[in-house]
Amino acid sequence: MNALSMFNLINEVSIDVNKLVGAMLRDKKRSGDFIKLPVVTDVGRWDVVRVSIKELTDLVINECRSMP
């Protein structure tokens, strides 16, 4: 039993991958074929990382497919 189940919290999420990718493509941080994402680098620290839309889309699709 995992911690989420122990406390009757949501442990499954239904995601429409096409809607998620569509939202990423409309994101205001998008510039051409890239999107800028804030990434936590340490406690109280973050940096902006420039990621290609293709790379991010592939990652999102692969992660969503691997979800139980």
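Residues numbered from 1 in each chain as written. Predicted model: local features only at pLDDT ≥ 70, side-chain atom pairs only at ≥ 80, totals over all residues. Heavy atoms only, no water.

This next bit is on the overall build of the chain. Within the chain, the secondary structure is distributed over three helices and three strands. Mapped from its N terminus to its C terminus, the chain presents α and β elements in the order α-α-β-β-β-α. Its C-alpha atoms give the chain a radius of gyration of 15 Å, clearly above 11 Å, the size a compact globule of 68 residues would have. Burial statistics for the chain: of 68 residues in total, 15% are counted as buried. Here the contacts in the chain between residues at least 6 apart in sequence split such that 24% fall between residues at least 24 apart. Computed over 10 positive and 9 negative side-chain charges, the inter-centroid distance for the chain is 7 Å. (Helix = DSSP H or I, 4+ residues; strand = E, 2+ residues; numbered from the N terminus. Rg over C-alpha atoms; globule rule 2.2 N^0.38 Å. Buried < 20%, exposed > 50% of the residue type's maximum accessible area, 1.4 Å probe, protein only. Contact = heavy atoms within 4.5 Å. Lys, Arg positive; Asp, Glu negative; His and termini not counted. Charge placed at Lys NZ, Arg CZ, Asp CG, Glu CD.)

Next up on the list: the sheet that holds strand β2 (residues 34–42). Sheet strands associate in pairs through backbone hydrogen bonding, adopting either a parallel or an antiparallel arrangement. Taken in spatial order, the three strands make up an open sheet running β1-β2-β3, and their pairing is antiparallel. Strands at the two margins of the open sheet, each flanked by one partner only, are β1 (30–31) and β3 (45–52). Bridge count for β1 against β2 is two bridges, and the pairing is antiparallel. Bridge pairing links R30 to I35 in β2. Its contacts with the sheet put helix α3 (residues 53–66) on β1, β2 and β3, and the angle it makes with β3 is roughly 100 degrees. (Pairing = 2+ DSSP bridges. Axes fitted to C-alpha atoms, helices over the stretch in contact; angles between N-to-C directions.)

Another point: the packing of helix α2 (residues 17–25) against α3. When two helices pack together, their arrangement is captured by the angle between the axes and the distance separating the axes. Here α2 crosses α3 at 155 degrees, and the two axes come no closer than 10 Å. For the element pair α2 / α3, the angle class is roughly antiparallel. In terms of crossing hand, the pair formed by α2 and α3 is right-handed. For the pair formed by α2 and α3, the contact residues are V17, L20, V21, M24 and L25 on the first element and I53, L56, T57, V60, I61 and C64 on the second. Among the residues forming the contact of α2 with α3, the class breakdown is ten nonpolar, one polar and no charged. (Parallel < 35°, antiparallel > 145°, perpendicular 65-115°, else oblique. Left-handed = near helix turned anticlockwise from the far one by under 90°. Nonpolar A, V, L, I, M, F, W, Y, C, P; charged D, E, K, R; others polar.)

Attention now moves to α2. Taken residue by residue, α2 has V21, G22 and M24 as its buried positions. Along the axis of α2, the buried positions cluster into a sector of 160 degrees, meaning they face one direction only. Check the buried side of α2 and you find it contacts β1, β2 and α3. (Arc of directions from axis to C-beta.)

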